[in-house]
Amino acid sequence: MRRAIEMSARASLEYSTGGVFGAVLVKDGKIVSEGMNRVVASHDPTWHAEMEAIRLACITLKSFKLPGCILYTSAEPCPMCMATCYWAGIEQVFYGATVEDALEYGNFDDRPIYEQLALPKEKRSIKLTQMLRDESVVVWKKYKAKADKVQY
(Lines give C-alpha, C1' and ligand atoms only; values in the text may rest on other atoms or scores of the structure.)
Protein backbone atom coordinates (compact mmCIF):
# COMPACT_ATOMS: atom_id res chain seq x y z
CA MET A 1 0.00 0.00 0.00
CA ARG A 2 2.85 2.38 0.72
CA ARG A 3 4.15 1.85 -2.81
CA ALA A 4 0.70 2.71 -4.21
CA ILE A 5 0.69 5.89 -2.14
CA GLU A 6 4.20 6.68 -3.41
CA MET A 7 2.97 6.22 -6.99
CA SER A 8 0.07 8.60 -6.26
CA ALA A 9 2.54 11.26 -5.08
CA ARG A 10 4.62 10.80 -8.23
CA ALA A 11 1.58 11.19 -10.49
CA SER A 12 0.12 14.22 -8.75
CA LEU A 13 2.99 16.09 -7.09
CA GLU A 14 6.21 15.11 -8.83
CA TYR A 15 5.34 14.46 -12.50
CA SER A 16 1.90 16.15 -12.66
CA THR A 17 0.62 13.42 -14.99
CA GLY A 18 -2.78 13.26 -13.29
CA GLY A 19 -4.64 12.98 -10.04
CA VAL A 20 -3.58 11.59 -6.70
CA PHE A 21 -3.88 7.95 -7.71
CA GLY A 22 -1.36 5.13 -7.63
CA ALA A 23 -1.78 1.36 -7.73
CA VAL A 24 0.21 -1.81 -7.29
CA LEU A 25 -0.83 -5.31 -8.33
CA VAL A 26 0.56 -8.21 -6.31
CA LYS A 27 0.55 -11.96 -6.86
CA ASP A 28 2.03 -14.50 -4.45
CA GLY A 29 3.44 -11.69 -2.33
CA LYS A 30 5.39 -10.12 -5.22
CA ILE A 31 4.70 -6.92 -7.13
CA VAL A 32 3.65 -7.79 -10.67
CA SER A 33 2.97 -4.26 -11.87
CA GLU A 34 2.51 -0.65 -10.82
CA GLY A 35 0.47 2.19 -12.16
CA MET A 36 -0.11 5.87 -11.69
CA ASN A 37 -2.69 8.25 -13.00
CA ARG A 38 -1.72 9.68 -16.40
CA VAL A 39 -5.03 11.24 -17.45
CA VAL A 40 -3.62 14.75 -17.86
CA ALA A 41 -0.35 13.78 -19.53
CA SER A 42 -1.96 11.34 -21.97
CA HIS A 43 -5.21 13.25 -22.62
CA ASP A 44 -6.91 9.92 -21.89
CA PRO A 45 -9.76 9.78 -19.34
CA THR A 46 -9.23 6.02 -18.93
CA TRP A 47 -5.55 6.14 -17.95
CA HIS A 48 -6.17 5.61 -14.25
CA ALA A 49 -3.54 4.07 -11.97
CA GLU A 50 -5.56 0.89 -11.50
CA MET A 51 -6.10 0.52 -15.25
CA GLU A 52 -2.38 0.92 -15.91
CA ALA A 53 -1.46 -1.62 -13.22
CA ILE A 54 -4.02 -4.12 -14.53
CA ARG A 55 -2.95 -3.69 -18.15
CA LEU A 56 0.72 -4.14 -17.29
CA ALA A 57 -0.03 -7.18 -15.10
CA CYS A 58 -1.95 -8.80 -17.94
CA ILE A 59 1.00 -8.22 -20.27
CA THR A 60 3.51 -9.48 -17.69
CA LEU A 61 1.47 -12.56 -16.80
CA LYS A 62 0.33 -13.08 -20.41
CA SER A 63 -3.29 -13.44 -19.34
CA PHE A 64 -6.48 -11.41 -19.53
CA LYS A 65 -7.50 -12.90 -16.18
CA LEU A 66 -5.62 -12.21 -12.96
CA PRO A 67 -6.62 -14.92 -10.49
CA GLY A 68 -4.71 -14.82 -7.23
CA CYS A 69 -3.91 -11.13 -7.70
CA ILE A 70 -4.51 -8.40 -5.17
CA LEU A 71 -4.77 -4.71 -6.04
CA TYR A 72 -3.46 -2.04 -3.69
CA THR A 73 -4.64 1.41 -4.64
CA SER A 74 -4.12 4.79 -3.00
CA ALA A 75 -7.81 5.66 -3.27
CA GLU A 76 -11.11 3.84 -3.56
CA PRO A 77 -11.51 2.73 -7.20
CA CYS A 78 -13.85 4.62 -9.49
CA PRO A 79 -16.66 2.70 -11.25
CA MET A 80 -14.52 2.02 -14.34
CA CYS A 81 -11.58 0.68 -12.34
CA MET A 82 -13.77 -1.40 -10.06
CA ALA A 83 -15.56 -2.90 -13.06
CA THR A 84 -12.16 -3.73 -14.58
CA CYS A 85 -11.20 -5.52 -11.35
CA TYR A 86 -14.26 -7.72 -11.81
CA TRP A 87 -13.47 -8.33 -15.51
CA ALA A 88 -9.88 -9.27 -14.63
CA GLY A 89 -10.90 -11.58 -11.79
CA ILE A 90 -8.93 -9.72 -9.14
CA GLU A 91 -9.66 -11.34 -5.81
CA GLN A 92 -9.22 -8.44 -3.39
CA VAL A 93 -8.72 -4.68 -3.40
CA PHE A 94 -7.12 -2.67 -0.61
CA TYR A 95 -7.53 1.10 -0.82
CA GLY A 96 -6.35 4.14 1.11
CA ALA A 97 -8.40 7.30 0.67
CA THR A 98 -12.18 7.12 0.26
CA VAL A 99 -14.40 8.51 -2.48
CA GLU A 100 -15.32 11.23 0.01
CA ASP A 101 -11.64 12.09 0.57
CA ALA A 102 -11.09 12.39 -3.20
CA LEU A 103 -14.03 14.79 -3.39
CA GLU A 104 -12.97 16.87 -0.38
CA TYR A 105 -9.27 17.21 -1.18
CA GLY A 106 -9.16 16.91 -4.96
CA ASN A 107 -12.65 17.73 -6.23
CA PHE A 108 -12.88 14.25 -7.81
CA ASP A 109 -16.56 13.39 -7.74
CA ASP A 110 -17.62 9.91 -8.90
CA ARG A 111 -21.10 10.21 -7.39
CA PRO A 112 -22.77 11.35 -10.65
CA ILE A 113 -21.42 8.27 -12.45
CA TYR A 114 -22.72 5.91 -9.77
CA GLU A 115 -26.08 7.71 -9.89
CA GLN A 116 -26.27 7.48 -13.69
CA LEU A 117 -25.40 3.77 -13.76
CA ALA A 118 -28.16 3.09 -11.24
CA LEU A 119 -30.78 4.64 -13.54
CA PRO A 120 -32.66 2.75 -16.25
CA LYS A 121 -30.97 3.27 -19.66
CA GLU A 122 -33.71 5.57 -20.90
CA LYS A 123 -33.26 7.98 -17.96
CA ARG A 124 -29.49 8.43 -18.19
CA SER A 125 -27.96 11.75 -19.25
CA ILE A 126 -26.01 10.08 -22.07
CA LYS A 127 -28.63 9.00 -24.57
CA LEU A 128 -28.42 5.32 -25.59
CA THR A 129 -29.94 4.49 -28.97
CA GLN A 130 -29.96 0.99 -30.35
CA MET A 131 -29.52 0.55 -34.09
CA LEU A 132 -28.70 -2.18 -36.63
CA ARG A 133 -29.34 -4.95 -34.11
CA ASP A 134 -30.09 -7.56 -36.77
CA GLU A 135 -26.80 -6.88 -38.55
CA SER A 136 -24.91 -6.93 -35.26
CA VAL A 137 -26.47 -10.20 -34.17
CA VAL A 138 -25.34 -11.89 -37.41
CA VAL A 139 -21.74 -11.53 -36.23
CA TRP A 140 -22.68 -12.68 -32.72
CA LYS A 141 -24.24 -15.83 -34.15
CA LYS A 142 -21.09 -16.56 -36.16
CA TYR A 143 -19.00 -16.01 -33.05
CA LYS A 144 -21.21 -18.39 -31.08
CA ALA A 145 -20.62 -21.09 -33.70
CA LYS A 146 -16.86 -20.50 -33.91
CA ALA A 147 -15.13 -23.62 -32.60
CA ASP A 148 -11.79 -22.02 -31.72
CA LYS A 149 -12.99 -18.89 -29.87
CA VAL A 150 -11.31 -18.00 -26.60
CA GLN A 151 -13.83 -17.74 -23.78
CA TYR A 152 -13.45 -14.91 -21.31
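In case you missed it, the structure is sitting above this.
The model shown is predicted, which means the values in this text are computed figures rather than measured ones.

1. Here's the deal with the packing of helix α3 (residues 49-61) against helix α4 (residues 79-88)
As a packed pair, α3 and α4 sit with axes 9 Å apart at the nearest point and diverge in direction by 20°. One finds that α3 runs roughly parallel with respect to α4. As α3 runs across α4, the sense of the crossing is left-handed. Here α3 contributes E50, M51 and I54 to the contact with α4, which in turn contributes M80, C81, T84, C85 and A88.

2. Some points on unusual backbone geometry
Positive phi, close to 60°, is recorded for H43, a residue that is not glycine. Inspection of the secondary structure assignment puts H43 in the loop between α2 (39-42) and α3. A relative accessible area of 74% places H43 in the exposed class.

About the thresholds
- Residues numbered from 1 in each chain as written.
- Predicted model: local features only at pLDDT ≥ 70, side-chain atom pairs only at ≥ 80, totals over all residues.
- Heavy atoms only, no water.
- Axes fitted to C-alpha atoms, helices over the stretch in contact; angles between N-to-C directions.
- Helix = DSSP H or I, 4+ residues; strand = E, 2+ residues; numbered from the N terminus.
- Parallel < 35°, antiparallel > 145°, perpendicular 65-115°, else oblique.
- Left-handed = near helix turned anticlockwise from the far one by under 90°.
- Contact = heavy atoms within 4.5 Å.
- Buried < 20%, exposed > 50% of the residue type's maximum accessible area, 1.4 Å probe, protein only.

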